[in-house]
Amino acid sequence: MEPPFGELSAVSGIPAVGPGLSDLFIAVEGPIGVGKTTLMRRLAETCGLRAEREIVGENPFLADFYADIPRWAFQTEMFFLTSRYTQLRDVAGNPRGVVADFHLRKNLVFARRTLSPAEHDRLVRVYDVLVEDLPMPDLTVFLDAELPVLRRRIAERGRDFETQIADDYLQGLREDYEQLAETMRAAGEAVVRIDVTDTDILGDEADFAAIRSRIEATAREARRAR
Ligand SMILES: Nc1ncnc2c1ncn2[C@@H]1O[C@H](COP(=O)(O)OP(=O)(O)OP(=O)(O)O)[C@@H](O)[C@H]1O
Ligand SMILES: Nc1nc(=O)c2ncn([C@H]3C[C@H](O)[C@@H](CO)O3)c2[nH]1
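Residues numbered from 1 in each chain as written. Chains lettered and ligands numbered in written order. Predicted model: local features only at pLDDT ≥ 70, side-chain atom pairs only at ≥ 80, totals over all residues. Heavy atoms only, no water.

**Remarks on the side chain of Arg-42**
Inference 1: Its location among the elements puts Arg-42 in helix α1 (residues 36–47).
Inference 2: Look at Arg-42 and you get buried, because its relative accessible area is 11%.
Inference 3: Excluding residues within four positions of it along the chain, Arg-42 makes contact with Ile-201, Leu-202, Glu-205 and Phe-208. (Helix = DSSP H or I, 4+ residues; strand = E, 2+ residues; numbered from the N terminus. Buried < 20%, exposed > 50% of the residue type's maximum accessible area, 1.4 Å probe, protein only. Contact = heavy atoms within 4.5 Å.)

Here's what the structure looks like:
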């Protein structure tokens with residue numbers, strides 16, 4: 001049977017020795033509104049990493065997508081895939097010391113949920129070709145939070161079209177990300193999962209310090225495993 005998120009390499013590119021986080025390529029992942037961009041920014045400010053922020057506002061299909069997912073899903077997923085590809089091609093020149101608020105694999109997470117089987121098959125074929133050229137993160141941070149907290153953060157951010165996001169879509173994504181994190185961990189990738197339901201990354205220095213030290217501990221473990 002095909003693995004749920006495609007084949008995964010068990011070989012991490014993480015250097016065996018290195019200074020904290022500043023020589024790594026780190027990705028932050030998790031469901032919509034969980035705080036990926038917020039954590040990415042704080043890690044960039046405090047750990048000497050370059051922030052690679054996903055360009056979301058430019059997906060011209062997103063508002064239509066939320067109004068009618070089956071109608072607009074293929075265009076939306078292809079657009080996300082190709083724009084992430086372009087972004088990561090730029091990172092490829094110097095992939096050390098980067099923190100991104102996305103992992104390319106999120107394309108497969110969303111695609112499985114939104115595309116018909118035939119569309120999914122087409123997208124995966126393109127994905128498999130594109131991924132060969134790209135640097136993959138050394139370490140992935142998976143954030144999660146309970147559904148009412150996600151809803152509150154999405155509402156506070158105030159993108160109009162996101163008011164249409166259904167609870168079961170959001171909850172499904174939480175489960176998909178949990179599964180992806182486990183799949184990656186089982187394949188030997190450096191993964192840290194952090195529940196940020198009651199965590200204030202923005203305003204509470206102790207909360208942020210606790211998250212940072214968990215990420216640093218995972219990086220140390222991954223280096224030891226090399
Ligand atoms: N730990 C937190 N506590 C309280 N509010 C937070 C926290 N993290 C993020 N926020 C707020 O929640 C909103 C969403 O955060 P952010 O944009 O970082 O999420 P995201 O995961 O990057 O979203 P998306 O999946 O849409 O890209 C923002 O208004 C942000 O200020
Ligand atoms: N369908 C779909 N596929 C993706 O790969 C994807 N990546 C992000 N998003 C949506 C979630 C937020 O509304 C908004 C910001 O993350 O964009 C996506 N939607």
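**Considerations on the UniProt feature "active site" (unreviewed entry) in the chain**
Inference 1: On the UniProt side, "active site" (unreviewed entry) is annotated at positions that read Asp-101 here.
Inference 2: As for its position among the elements, Asp-101 is in the loop between β3 (98–100) and α4 (106–114).
Inference 3: With residues near it in sequence (within four places) discarded, Asp-101 still touches Val-28, Lys-36, Thr-37, Met-40, Glu-52, Arg-53 and Glu-54.
Inference 4: At a separation of 2.8 Å, a polar atom in the side chain of Asp-101 contacts the side chain of Thr-37. (UniProt positions renumbered as here; feature names shortened; annotations may be inferred. Polar contact = N/O pair within 3.5 Å; in protein donor to acceptor, adjacent residues only side chain to side chain.)

**So, the site of ligand 2**
Inference 1: Taken together, 14 residues sit near ligand 2, with Tyr-66, Glu-77, Arg-84, Phe-110 and Glu-162 positioned nearest.
Inference 2: Between a nitrogen atom of ligand 2 and a side-chain N or O atom of Arg-84, the distance comes to 2.7 Å.
Inference 3: Out of a free accessible area of 410 Å², ligand 2 has 96% covered by protein chains.
Inference 4: Each residue belonging to the shell around ligand 2 can be placed in one class, and the counts come to eight nonpolar, one polar and five charged. (Near = heavy atom within 4 Å. Areas by Shrake-Rupley, 256 points an atom, 1.4 Å probe, with all protein chains shown as cover. Nonpolar A, V, L, I, M, F, W, Y, C, P; charged D, E, K, R; others polar.)

**Brief notes about the packing of helix α3 (residues 69–92) against α4**
If you want to describe how two helices pack, look at the angle between their axes and the distance between the axes.
Inference 1: As a packed pair, α3 and α4 sit with axes 10 Å apart at the nearest point and diverge in direction by 170°. The angle between α3 and α4 falls in the class roughly antiparallel. Contacts between α3 and α4 involve Ile-69, Ala-73, Glu-77, Phe-80, Leu-81 and Arg-84 from the former and Lys-106, Asn-107, Phe-110, Ala-111 and Thr-114 from the latter.
Inference 2: Of the residues in the contact of α3 with α4, the class split is six nonpolar, two polar and three charged. (Axes fitted to C-alpha atoms, helices over the stretch in contact; angles between N-to-C directions. Parallel < 35°, antiparallel > 145°, perpendicular 65-115°, else oblique.)

**Brief notes about the site of ligand 1**
Inference 1: Near ligand 1 you find 14 residues, and of these Lys-36, Thr-37, Thr-38, Arg-157 and Thr-199 are the closest.
Inference 2: Take Gly-33: an N or O atom from its main chain is 3.2 Å from an oxygen atom of ligand 1.
Inference 3: Contact between ligand 1 and Arg-159: an oxygen atom at 3.4 Å from a side-chain N or O atom of the residue.
Inference 4: Relative to its free-state accessible area of 640 Å², ligand 1 is covered by the protein chains to the extent of 82%.
Inference 5: Broken down by secondary-structure element, the contributors of at least two residues to the shell around ligand 1 are α1 and α6 (147–157).
Inference 6: Sort the elements by how many residues they give to the shell around ligand 1 and α1 lands first, with three residues.

**Observations concerning the pairing of strand β1 (residues 25–29)**
Inference 1: Within β1, five of the five residues are buried, leaving the element largely enclosed by the surrounding structure.
Inference 2: What you see with β1 is no split at all: Phe-25, Ala-27 and Glu-29 on one side and Ile-26 and Val-28 on the other are buried throughout.
Inference 3: In this sheet, β3 lies alongside β1 in parallel orientation, the contact comprising three bridges. In the sheet register, Ile-26 faces β3, and the bridge partner there is Val-99.
Inference 4: Relative to strand β4 (residues 139–144), β1 runs parallel, the two being bridged by four bridges. Bridging across to β4, Ile-26 finds its partner in Leu-139. (Pairing = 2+ DSSP bridges.)

**Overview of the pattern of salt bridges**
Inference 1: Considering all chains together, one arrives at 16 salt bridges under this definition.
Inference 2: Among the salt bridges present, the one from Asp-138 reaches Arg-96, with a minimum N-O distance of 2.7 Å. With a gap of 42 residues between them, Asp-138 in the loop between α5 (117–131) and β4 and Arg-96 in the loop between α3 and β3 connect regions that are remote in the sequence.
Inference 3: A relative accessible area of 4% places Asp-138 in the buried class.
Inference 4: For Arg-159, the salt bridge goes to Glu-162, with nearest N and O atoms at 2.9 Å.
Inference 5: Through salt bridges with shared partners, a single network forms among Glu-178, Glu-182, Arg-185 and Arg-193. (Salt bridge = Lys/Arg side-chain N within 4 Å of Asp/Glu carboxyl O.)

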